[in-house]
Amino acid sequence: MKIVMVASECNPLCKTGGLADVIYSLSRELVNNGHEVFVFLPYYKLLKNKGIKAEYQYYDYIEMSWRHQYVGVFNYEIDGIKFKLIDSEQYFGRDNLYGYNDDGERFAYFSIAVQKIIHRENMRPDIVHVHDWQPGMLPALMKGAPLDDWKTHFVLTIHNAAFKGYLDRYALGDLYNLSDDMYDSGAVRLEGMVSTLKAAIYFCDKVTTVSPTYREEMLTKDLSQGLSEVLEFRRDDFAGVVNGIDVKEFDPANDKKIIKNYSEKAYKTGKKACKNDLLNFFHLPNKDRPTFGLVSRLTWQKGISLILQNSQYMLDRGANIVILGSGESNLEVGFQSLRDAHPDQVGIYIGYSDDIAHKIYAGSDFFLMPSLFEPCGIGQLIAQRYGTLPIVRETGGLKDTVHPEVDGFTFYSFDPASMKGALDVAFGYYYENKDGLDKMIKNALKLDRSWGESMNRYLGIYKDAMRK
Ligand code: GLC
């Protein structure tokens, strides 16, 4: 099949979250199985700064109502994935990927440019797979202007419905050259605004999200953040497929970023060495304490406040806590004060580093992920792969991938007491039930988190979309 992925980030080029991992590892899996995959990305300044040697192909112009905009097209290839990088100094020559007040306009430009390139190069993809709100309007654009004898089919994957791509209703014409009818009919209207995510849900042939439980949550009024109505309308075309992870990058048996490798059959000495190394790195002297790791963006979505609220209790029960992440300043400050008060038990690194992340995944006993909502979640999957047992809230993909007292610990209510219950169970295993703990670690190490099965689900969905 010829598949075009359209997204705003992709490993190893540009990443702010799990989306980048998924675009890369799913694409690579498809390529390894004989499919042709193109990934469209903005040619962010950050990519140019990295000095990647993308090959200039041509330039063109697009119209965004009164705007006449330059589009540079560059090609690049990694692991057989063919990247199409869209160059615009005006829109992408900035320090960050997002967070600008014209983000809506930037991704309107991106979407229209993708449409133009697909047509101009006569690419004729079997599937255009769009991800999240940024390219959400592309199906509406392309369905309005199909190639003469070629019908393109569209799949949307929702990685995080918290971001809906809201635009003023007049942006439909002003940015996208689309008629007001789409707004008046309700197809792209959400809460009196245009939502590019809703547009994609409405116009794609198939819609997926990244776990069955998140799918269920999205179909309920309370949890869907306004999208339940349109998703209910698409219910039969809406599927939940759990993400895989890059099992080569995250492989305790071969990982060069950890001090000693290990596998399910003999994990004890390796994992112990990794724990010592992790605690040395953070200058935490007591190597026998149960060690809780956190690798996360420090934002409200991730339930970080529940960790802070339970931290004193955890320290009282003898825990070490190690944290890697950055984000909202009150949460960063919260952890910094905790470390200042307990320098022998708390280690913190504000920022991001792959090397430290791997150390935490391998060297911790438990991995904290009490998210308020979590469409899929990748940290818990990586932790399990390293035999580190996740402690998670039963939401979205966390519920689907962590089984209490089998390969992790769970709790339901989003409150500190409920999380404390799960922590108590974990402490109980650590201090009083080493055999039980050993069994759970082995269960986690045995899990198959590769993309194979999920990729096959996507291929099935692509085929169903093509029948539409
Ligand atoms: C988003 C979601 C996360 C998911 C990732 C990849 O970042 O918040 O749960 O794992 O996308 O699909």
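These numbers were taken from a predicted model, which means no experiment stands behind them.

What counts, and at which threshold
- Per chain, residues are indexed from 1 in the order of the written sequence.
- Owing to the predicted nature of the model, reporting of local features is limited to residues with pLDDT of at least 70; listing and counting of side-chain atom pairs is limited to 80 or more, with chain, interface and lining totals taken over all residues.
- For side-chain calculations, the full set of non-hydrogen atoms in the structure is used, while hydrogens and water are omitted.
- When DSSP locates at least two bridges between a pair of strands, those strands are taken to pair.
- For the purposes of this entry, the term helix denotes a DSSP run of H or I that reaches at least four residues, the term strand denotes a run of E that reaches at least two, and both are numbered from the N terminus.
- Lines fitted to C-alpha atoms define the axes, with helix axes restricted to the stretch in contact, and inter-axis angles between N-to-C directions lie between 0 and 180 degrees.
- The nonpolar core is taken to be a set of buried Ala, Val, Leu, Ile, Met, Phe, Trp, Tyr and Cys residues, with the residues joined through side-chain atoms within 4.5 Å.
- Only protein chains enter the accessibility calculation, which uses a 1.4 Å probe; a residue is then buried when its area is under 20% of its type maximum, exposed when over 50%, and partly exposed in between.
- Residue ranges labeled as domains rest on an automatic or database domain assignment.
- Contacts: residue pairs with any heavy atoms within 4.5 Å of one another.
- The term salt bridge refers to a side-chain nitrogen of Lys or Arg lying within 4 Å of a carboxyl oxygen of Asp or Glu.
- A simple way to read buried area is as the amount of 1.4 Å-probe accessible surface that goes missing from two parts once joined, with both sides added.

### Quick word on the sheet that holds strand β14 (residues 320-325)
Paired through backbone hydrogen bonds, the strands of a sheet run either parallel or antiparallel to each other.
So, step 1. In space, the 6 strands of this open sheet follow the order β15-β14-β13-β16-β17-β18, with parallel pairing throughout. Looking at strand neighbours, the two that pair on one side only are β15 (346-350) and β18 (409-411), the edges of this open sheet. The mean angle between the axes of side-by-side strands here comes to 15°, regardless of whether they run parallel or antiparallel.
So, step 2. Summarising the sheet, strand β13 (residues 291-295) and strand β16 (residues 366-369) pair through 2 bridges and their orientation is parallel. Bridged to F292 within β16 is F366.

### So, the nonpolar core
So, step 1. Membership of the largest hydrophobic core comes to 161 residues, with the highest contact counts inside it found for F40 and Y462.
So, step 2. Summarising the domain contributions, this core has at least three residues from each of domain 1 (2-244 + 452-466) and domain 2 (268-446).
So, step 3. What Y462 contacts, discounting residues up to four positions off in sequence, is M1, I3, M5, L26, L30, I127, H129 and V155.

### With respect to the pattern of salt bridges
So, step 1. Scanning all chains against the criterion turns up 29 salt bridges.
So, step 2. Residues K45 and D95 are paired through a salt bridge, measuring 2.8 Å at the closest nitrogen-oxygen approach. Placement of the pair is K45 in helix α2 (residues 45-50) and D95 in the loop between α3 (89-92) and α4 (103-120), with a sequence separation of 50 residues.
So, step 3. With a closest N to O distance of 2.7 Å, D464 and R467 form a salt bridge.

### Here we look at the domain arrangement of the protein
So, step 1. Partitioning the protein into domains gives domain 1 (2-244 + 452-466) and domain 2 (268-446).
So, step 2. In this structure, domain 1 and domain 2 have C-alpha centres spaced 33 Å apart.
So, step 3. Facing the 16 residues of domain 1 at the interface are 13 residues of domain 2.
So, step 4. Interface of domain 1 and domain 2: buried area, both sides summed, is about 1100 Å²; carbon and sulfur atoms make up 62% of it.

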